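# Examination of the molecular architecture
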Amino acid sequence: RMDCGWAVGVMVDIMARRRDRGVRCRVGQGAGWFETGAVRLALERQASIFPIFVVWTGEKYQVVVDDGFRPVATGNLEQDIDTNTRQFIEERIAPWIERHPGQWMQALWAGLEPAAGSDGATPPA
């Protein structure tokens, strides 16, 4: 219930099998298709998204809450969802994946496509 000031946690993950929806985003030298639900919810509720990462330090897990990401609404909801999802993934999530690649599900992330053309083009048939 975001209207009451409660927080909502949303896991952002790559879409391993479904390529008929979502937004294509760069991650390092690759690109993958990502769900848009977190950004849609934030836009609908005029809320910020606070990325949270759990990092293994070698001795213990550390929980890191990153700075808030406030999606920009222009009035075109579908375009705003695509644009803000791409920005959120590429600027906030991808750097964490690149810095801590071993802490992500390797089998899933290993399937990234080459990054050329990650400008939101239609998924391949």
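Just above sits the structure.
Residues numbered from 1 in each chain as written. Predicted model: local features only at pLDDT ≥ 70, side-chain atom pairs only at ≥ 80, totals over all residues. Heavy atoms only, no water.

A complete count under the given rule lists one salt bridge for this structure. In this structure, the salt-bridge partner of E78 is R40, at a minimum N-O distance of 3.3 Å. Of this pair, E78 sits in helix α2 (residues 77-99) while R40 is found in helix α1 (residues 37-45), placing the two residues 38 residues apart along the sequence. (Salt bridge = Lys/Arg side-chain N within 4 Å of Asp/Glu carboxyl O. Helix = DSSP H or I, 4+ residues; strand = E, 2+ residues; numbered from the N terminus.)

Viewed as axis vectors pointing N to C, α1 and α2 meet at an angle of 125 degrees, and their least axial separation amounts to 9 Å. Of the possible angle classes, the one that applies to α1 and α2 is oblique. Crossing hand, α1 versus α2: right-handed. Judged by residue contacts, V39, R40 and L43 of α1 engage L77, E78, D80, I81, N84, T85 and F88 from α2. (Axes fitted to C-alpha atoms, helices over the stretch in contact; angles between N-to-C directions. Parallel < 35°, antiparallel > 145°, perpendicular 65-115°, else oblique. Left-handed = near helix turned anticlockwise from the far one by under 90°. Contact = heavy atoms within 4.5 Å.)

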